[in-house]
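So you can see what is in the structure, the chains are spelled out below.
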Amino acid sequence: MKKSLLVLGTVLTLAAVSCKKNESGNKSVIKIDSTETTVTDHNGKIDSVTQGSYTVDVNGKKTVKTDFVYKATDGTLVKVVFKNDPKESTVAITSNKKTFTLPKSETKGEETIYKKDDMTARVKGDSLHLEQGNNIIELKRTKI
């Protein structure tokens with residue numbers, strides 16, 4: 001009986017020592033700093049319908065991209081990505097596997113206007129008013 005307790009104690013001690021984790025980790029892994037971007041409305045409240053926001057740092061220049069989902073009056077969902085970098089600000093609108101990227105042309109008060117060729121996007125609050133020729137599409141920011 002004493003031998004079996006001694007053997008059991010030895011086995012448990014060896015098991016406990018061998019399962020000890022190494023907290024130092026792999027030294028060759030590069031750690032990446034990530035920053036969280038919070039999107040707020042004009043009143044300083046956190047925007048709860050943001051689908052994703054991330055900052056990309058390329059050669060010391062930061063680019064902020066914010067993804068939203070908008071819903072048209074007919075129920076169609078549209079992905080909209082706002083990109084702000086030191087060179088330009090753009091909006092990319094994706095629907096039916098087609099993406100239209102429009103550069104920012106002007107800001108009037110609380111309304112931001114993006115234009116390219118015959119397409120114009122007017123963003124004010126949660127609304128996006130898209131015009132192309134005679135076609136007008138009203139979009140409203142939504143949660144999925």
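*Asks:* Explain the packing of aromatic side chains here, please?
*Replies:* One pair of aromatic rings is described through two measures. These are the centre distance and the angle between the planes. Taken as a whole and assessed by the stated rule, the structure comprises three aromatic pairs. Ring geometry for Phe68 and Phe82: centres 5.8 Å apart, planes at 75°, overall edge-to-face. Pair noted here: Phe68 is in strand 2 (residues 61-72) and Phe82 is in strand 3 (residues 77-84), with a separation of 14 residues, a long-range link. Taking relative accessible area as the criterion, Phe68 reaches 4% and is therefore assigned buried. Aromatic side chains Phe82 and Tyr114 sit 6.1 Å apart centroid to centroid with 50° between the ring planes, which places their arrangement in the tilted category. Of this pair, Phe82 sits in strand 3 while Tyr114 sits in strand 6 (residues 111-116); the two residues are 32 residues apart in sequence, bridging distant segments of the chain. Residues Phe82 and Tyr114 agree in their burial class; the two are buried. Grouping aromatic residues by their ring pairs yields a cluster made of Phe68, Tyr70, Phe82 and Tyr114. The ring of Phe68 has Arg141 sitting right over it, with the charged end atom 4.3 Å from the ring centre.

About the criteria used
- Once a new chain begins, its residue numbering starts again from 1 and follows that chain's sequence as written.
- This being a predicted model, a pLDDT of at least 70 is required before a residue's local features are given, and a value of 80 or more before pairs of side-chain atoms are given or counted; all residues contribute to the totals for chains, interfaces and linings.
- Side-chain numbers here rest on the full set of heavy atoms in the structure, without hydrogens or water.
- Stacked, edge-to-face and tilted are the three classes for Phe, Tyr and Trp ring pairs, Trp counted by its six-membered ring, which pair at centre distances within 6.5 Å; planes under 30 degrees apart are stacked, over 60 edge-to-face, the rest tilted.
- In this text, helices come from DSSP runs of H or I with a minimum length of four residues, and strands from runs of E with a minimum of two, each type numbered from the N-terminal end.
- Buried residues are those whose accessible area, probed at 1.4 Å on protein chains only, stays under 20% of the maximum for their type, while exposed residues exceed 50% and partly exposed ones sit between those limits.
- Charge over a ring is defined by NZ of Lys or CZ of Arg lying within 6 Å of the ring centre and within 35 degrees of the ring normal.

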